[in-house]
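# A structural walkthrough
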Amino acid sequence: MRTRGWRRHMEEIKFKKRIKKLTYQYRWGYGFFDDVNWKKIKKPNWSDFIGNKYYYFLKTSPTRKADTKYKCKYSPNKSNGYYRDKKVRPNTTGNREGDKILFKRMLEREYGIKHYYTKL
Amino acid sequence: MELNTIIPNSDARWNIKNDRLMYNKYSNVPVCYISGNIVYVYIDNRIHNIVMKLTKHLVELGVEFYFDSPSHSDPKITKKNENVIMSYFVAYSNVHFNKGFKNMEFDLLNNMVKWCSRESCDDLIKPCYEDVRDKISKGWFDHYQNKQIYDYSEDIREEFESLYREIQINKIL
């Protein structure tokens, strides 16, 4: 069955292909590459790019289509709404990120459980 | 003590190779090793979530552990005490480790002071601290926005200015 683990595995394969193309340029350059651990590497591997800005830049974003929220709001085809904001089920925002925010607010107000953000 | 007893959860991405515990995040990243009943954890900024989970598990077990530089996982590189102290400070400057260890109530500087007294390399703390502090406090002036820009936030820059005093207090205690 194609579960969330399978989808994550396929995205990892895409990410590895993209980042291996990028590292090919660095291996023929004269300068050093700065690692996340403040280490200077002459010929970096693709695994040294994890945690760098390219790691977040080359990951697949949740919008899988070319229609972003900006285009849906300001384009002449405004009748077609953002596909992830459509409320398929009741008592939800329509997407996982919005439901997570509502759930955390509910925990804080009703049960007093706070969530500390460790990621930016 | 064996590496099998240290794994914090039943995730399938943990594996053991060449007497080292590894985690598969796009590739096998070394996490820790054991030598003489002491656990040494590679404090790698690439796997900050996993290092914090492991430290929390080790604190609950009550095992003696210290941190090691991730560059020492390469057998070609000779081990130096300066690299280990630098890795402690670099991790303390990282937002994820800084807030994560505080929420966990784990004192990273105390751990560093204990390791330095064990290896008798207290003289190397101040030059490494000054190198890291100079890099963190660096900034440049953006003429388009007419303001000073820094790579690190104000909280971390202010902490690092008074960090050497806390290290000296930890030495006395």
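### What to know about the interface of chain A and chain B
- Each side of the interface is counted separately: chain A has 19 residues, and chain B has 21 residues.
- Both faces considered, chain A and chain B share a buried interface measuring about 1,800 Å² in area, 60% of it formed by carbon and sulfur atoms.
- At the junction of chain A with chain B, the criterion picks out 1 salt bridge.
- The salt bridge involving Arg 13 of chain B is made with Glu 12 of chain A; its shortest N-O contact spans 3.1 Å.
- When residues of the side of chain A that touches chain B are assigned to their parent elements, the largest contribution, 4 residues, is made by helix H1 (residues 4–26) of chain A.

### Focus on the nonpolar core
- In this structure, Leu 54, Phe 67, Ile 85, Phe 89, Trp 115 and Phe 160 of chain B are the most contacted members of the largest nonpolar core, which totals 52 residues.
- Not counting residues within four places of it along the chain, the set of residues in contact with Phe 89 of chain B comprises Met 112, Ile 125, Cys 128, Tyr 129, Val 132, Phe 160, Leu 163 and Ile 167 of chain B.
- In this structure, Leu 22, Phe 33, Trp 46 and Ile 50 of chain A belong to the second largest nonpolar core, which totals 10 residues.

### A look at the packing of aromatic side chains
- One pass over the structure, following the stated rule, counts 20 aromatic pairs over all chains.
- Between Tyr 40 of chain B and Tyr 66 of chain B the ring centres are 6.3 Å apart and the planes differ by 40 degrees, which places this aromatic pair in the tilted class. With Tyr 40 of chain B in strand S4 (residues 38–42) and Tyr 66 of chain B in strand S5 (residues 65–68), the pair connects residues that are 26 residues apart, well separated along the chain.
- Accessibility expressed as a relative area gives 9% for Tyr 40 of chain B, which makes it buried.
- When its relative accessible area of 6% is taken as the criterion, Tyr 66 of chain B is described as buried.
- Between the aromatic rings of Phe 89 of chain B and Tyr 129 of chain B, the centroid separation amounts to 6.0 Å while the plane-to-plane angle is 50 degrees, which identifies the pairing as tilted. Of this pair, Phe 89 of chain B sits in helix H2 (residues 81–93) while Tyr 129 of chain B sits in helix H5 (residues 125–136), placing them 40 residues apart in sequence.
- Judged by its relative accessible area of 0%, Phe 89 of chain B is buried.
- Lying across the ring of Phe 32 of chain A, Lys 42 of chain A places its NZ or CZ 5.4 Å from the centre.
- When the ring centre of Tyr 150 of chain B is taken as origin, the NZ or CZ atom of Arg 157 of chain B, which lies over that ring, is 3.7 Å away.

Reading the values: rules and limits
- Residues numbered from 1 in each chain as written.
- Chains lettered and ligands numbered in written order.
- Predicted model: local features only at pLDDT ≥ 70, side-chain atom pairs only at ≥ 80, totals over all residues.
- Heavy atoms only, no water.
- Contact = heavy atoms within 4.5 Å.
- Buried area = accessible area lost by both parts, 1.4 Å probe.
- Salt bridge = Lys/Arg side-chain N within 4 Å of Asp/Glu carboxyl O.
- Helix = DSSP H or I, 4+ residues; strand = E, 2+ residues; numbered from the N terminus.
- Core = buried A, V, L, I, M, F, W, Y, C linked by side-chain atoms within 4.5 Å.
- Buried < 20%, exposed > 50% of the residue type's maximum accessible area, 1.4 Å probe, protein only.
- Phe/Tyr/Trp six-rings, centres within 6.5 Å; stacked < 30°, edge-to-face > 60°.
- Lys NZ or Arg CZ within 6 Å of the ring centre and 35° of its normal.

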